[in-house]
Amino acid sequence: MKSSGKVAAITGAARGIGRACAERFLQEGVKVVISDVDGEALAKTASELGRPSELRAVVADVARRAEVDHLVASAAREFGRLDIMVNNAGVARNRDFLEISEQEFDEIIAINLKGAFFGVQAAARQMIAQGDGGVIINMSSVNALLAIPSLATYAMSKGGMKQLTSVAAVALAPHGIRVVAVGPGTILTEMVASAIFSSEDARRSVLSRTPAGRCGEPSEVASVVAFLASEDASYITGQTIYPDGGRLSLNYTVPVNEGA
Ligand SMILES: NC(=O)c1ccc[n+]([C@@H]2O[C@H](COP(=O)([O-])OP(=O)(O)OC[C@H]3O[C@@H](n4cnc5c(N)ncnc54)[C@H](O)[C@@H]3O)[C@@H](O)[C@H]2O)c1
């Protein structure tokens, strides 16, 4: 209950990792504003999560600055303040490197990188006005460091997020605001099902690069987010923490257990 009484906003929280972060924060006594571009899925998630006195849902497309500003303003209006901002919304498209169009490049960068930048700015302005600091957490990926050519736009966006996190951490440190990132390996969500686990070969190749021998669960990312949001992480800023089952440490591939 280290963050009990705080207020958090989470983008892309209708499902997957964002939803798991909302569940974890609610368990810890944090008031939560969940947000997503998919209003129908968001409303369903909000009703499944329950806790109407500690939860609000705000539809927002992170690629639109006014909608991100509206999300932060809603958190402040509904719960009086904002202490924790999780810029989690993200999309991935599988595409041959030479086939990536200008439109697709713009779309992925607008959601994954520009959206997170809008979130950092909007949250920081609110936190500075409150005057007692805060924490901003960006959902990055091991692809901030690793290269998968078929996910080039995604990798470029997450590489940019690494620098967004560093630059914002330095810019906002004088205000007592920490900015950190979480860079998961392969986590079992719909994004992975659609963009990565598209075939048995793809699944085997992911596991051959995963020393833990399994994919991660959204709750295993949410627990890292909860730690980074808490006072236990009070001296961590500017860094990306990678819950990746050993992916970044691996040199050669690992043998894949047929039943895994
Ligand atoms: N699942 C993984 O293996 C993995 C690994 C590393 C990083 N990540 C990152 O974690 C984050 C969440 O991924 P996930 O696996 O839960 O994905 P997901 O596809 O299950 O959920 C993403 C959510 O973001 C929402 N979203 C999409 N575009 C949006 C927009 N423009 N504005 C607001 N919301 C939008 C979707 O509607 C969806 O609810 C992403 O940033 C992703 O890059 C995921």
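The structure presented is a predicted model; accordingly, all values stated were derived computationally and were not measured. (Residues numbered from 1 in each chain as written. Predicted model: local features only at pLDDT ≥ 70, side-chain atom pairs only at ≥ 80, totals over all residues. Heavy atoms only, no water.)

**What about the nonpolar core?**
So, step 1. Ranked by size, the top nonpolar core spans 33 residues in total, and within it Phe 25, Val 32, Ile 34 and Ile 137 carry the most contacts.
So, step 2. Looking at this core, the elements that each hand over two or more residues are strand E1 (7-10), helix H1 (16-27), strand E2 (31-36), helix H2 (39-49), strand E4 (84-87), strand E5 (134-139), strand E6 (177-182) and helix H8 (218-229).
So, step 3. Discounting residues that sit within four places of it in the chain, Ile 34 has contacts with Ile 10, Ala 13, Ala 22, Leu 42, Thr 45, Ala 46, Leu 49, Leu 55, Arg 56, Ala 57 and Val 58.
So, step 4. Formed by 29 residues, the second largest nonpolar core is a distinct cluster that contains Ala 9, Val 72, Leu 164 and Ala 168. (Core = buried A, V, L, I, M, F, W, Y, C linked by side-chain atoms within 4.5 Å. Buried < 20%, exposed > 50% of the residue type's maximum accessible area, 1.4 Å probe, protein only. Helix = DSSP H or I, 4+ residues; strand = E, 2+ residues; numbered from the N terminus. Contact = heavy atoms within 4.5 Å.)

**Notes on the pattern of salt bridges**
Pairing between side chains becomes possible if they bear opposite charge and their charged atoms approach one another.
So, step 1. If you walk through the whole model with that rule in mind, you get 17 salt bridges.
So, step 2. In this structure, Arg 64 engages Glu 67 in a salt bridge whose closest nitrogen and oxygen atoms are separated by 3.9 Å.
So, step 3. Note that Glu 200 is salt-bridged to Arg 203, the shortest N-O span being 3.0 Å. With Glu 200 and Arg 203 both in helix H7 (residues 200-207), this residue pair falls three residues apart, about one helical turn.
So, step 4. Assessed through its relative accessible area of 44%, Glu 200 is described here as partly exposed.
So, step 5. For Arg 203, a relative accessible area of 18% translates into the label buried.
So, step 6. In the salt-bridge network here, residues are joined through shared partners; they are Arg 19, Glu 23, Lys 44 and Glu 48. (Salt bridge = Lys/Arg side-chain N within 4 Å of Asp/Glu carboxyl O.)

**Focus: the site of the ligand**
So, step 1. For the ligand, the set of nearby residues contains 29 residues, the closest of which are Arg 15, Asp 36, Asn 88, Tyr 154 and Thr 189.
So, step 2. A distance of 3.0 Å is found between a nitrogen atom of the ligand and a backbone nitrogen or oxygen belonging to Val 62.
So, step 3. Between the ligand and Gly 185 there is a distance of 3.3 Å, counted from an oxygen atom to a backbone nitrogen or oxygen.
So, step 4. Counting only elements with at least two residues in the shell around the ligand, the list comes to H1, helix H5 (152-172) and helix H6 (190-195). (Near = heavy atom within 4 Å. Polar contact = N/O pair within 3.5 Å; in protein donor to acceptor, adjacent residues only side chain to side chain.)

**Here's the deal with H8**
So, step 1. In this model H8 runs 16 Å from its N-terminal to its C-terminal C-alpha over twelve residues, within 8% of the 16 Å that 1.5 Å per residue would give.
So, step 2. Buried residues of H8: Pro 218, Val 221, Ala 222, Val 224, Val 225, Ala 226, Leu 228 and Ala 229, and no others.
So, step 3. Contacts made by the buried residues of H8 are with H1, E4, E5, E6 and strand E7 (240-241). (Expected span 1.5 Å × (residues − 1).)

**What about the packing of aromatic side chains?**
Ring pairs (aromatic) are described by centroid distance and by the angle formed between their planes.
So, step 1. If you walk through the whole model with that rule in mind, you get one aromatic pair.
So, step 2. Centroid distance Phe 117 to Phe 118: 6.3 Å. Interplanar angle 40°. Geometry classified as tilted.
So, step 3. Exposure remark for Phe 117: the relative accessible area of 36% places this residue in the partly exposed category.
So, step 4. Phe 118 sits in the buried class, given a relative accessible area of 8%. (Phe/Tyr/Trp six-rings, centres within 6.5 Å; stacked < 30°, edge-to-face > 60°.)

**Thoughts on unusual backbone geometry**
So, step 1. The phi angle at Arg 51 is positive, at roughly 50°, despite the residue not being glycine.
So, step 2. Summarising the element assignment, Arg 51 is placed in the loop between H2 and strand E3 (55-59).

**Brief notes about the environment of Asp 38**
So, step 1. Counting through the fold element by element, Asp 38 comes out in the loop between E2 and H2.
So, step 2. Each C-alpha atom of the pair Asp 38 and Arg 15 lies 9.9 Å from the other, and the pair is 23 residues apart in sequence.
So, step 3. Among the polar contacts made by the side chain of Asp 38, one reaches the main-chain amide nitrogen of Ala 41 at a distance of 3.1 Å.

**Looking at the side chain of Arg 178**
So, step 1. Take Arg 178: it is sitting in strand E6.
So, step 2. Sequence-distant contacts of Arg 178, defined by excluding residues within four places in its chain, comprise Gly 134, Val 135, Ile 136, Leu 228, Ala 229, Ser 230, Ala 233, Ser 234, Ile 236 and Thr 237.

**What about H5?**
Two residues of an α-helix separated by three or four positions point the same way, owing to the 3.6 residues in each turn.
So, step 1. Taking 1.5 Å per residue, 21 residues should reach 30 Å; H5 reaches 30 Å between its end C-alpha atoms and fits that length.
So, step 2. Considered for burial, the residues of H5 that qualify are Ala 152, Thr 153, Tyr 154, Ala 155, Ser 157, Lys 158, Met 161, Leu 164, Thr 165, Ala 168, Ala 169 and Leu 172.

**Side note on the sheet that holds E2**
So, step 1. As summarised here, the arrangement of the seven strands in space is E3-E2-E1-E4-E5-E6-E7, forming an open sheet in which the pairing is parallel. Among the strands making up the open sheet, the edge pair consists of E3 and E7.
So, step 2. Sheet topology places E2 next to E3; five bridges connect them, and they run parallel. By the bridge assignment, Asp 36 is partnered in E3 with Val 59.
So, step 3. Sitting on the sheet, H5 touches E4, E5, E6 and E7, and the angle it makes with E6 is about 165°. (Pairing = 2+ DSSP bridges. Axes fitted to C-alpha atoms, helices over the stretch in contact; angles between N-to-C directions.)

Coordinates in, geometry out; function isn't part of it.
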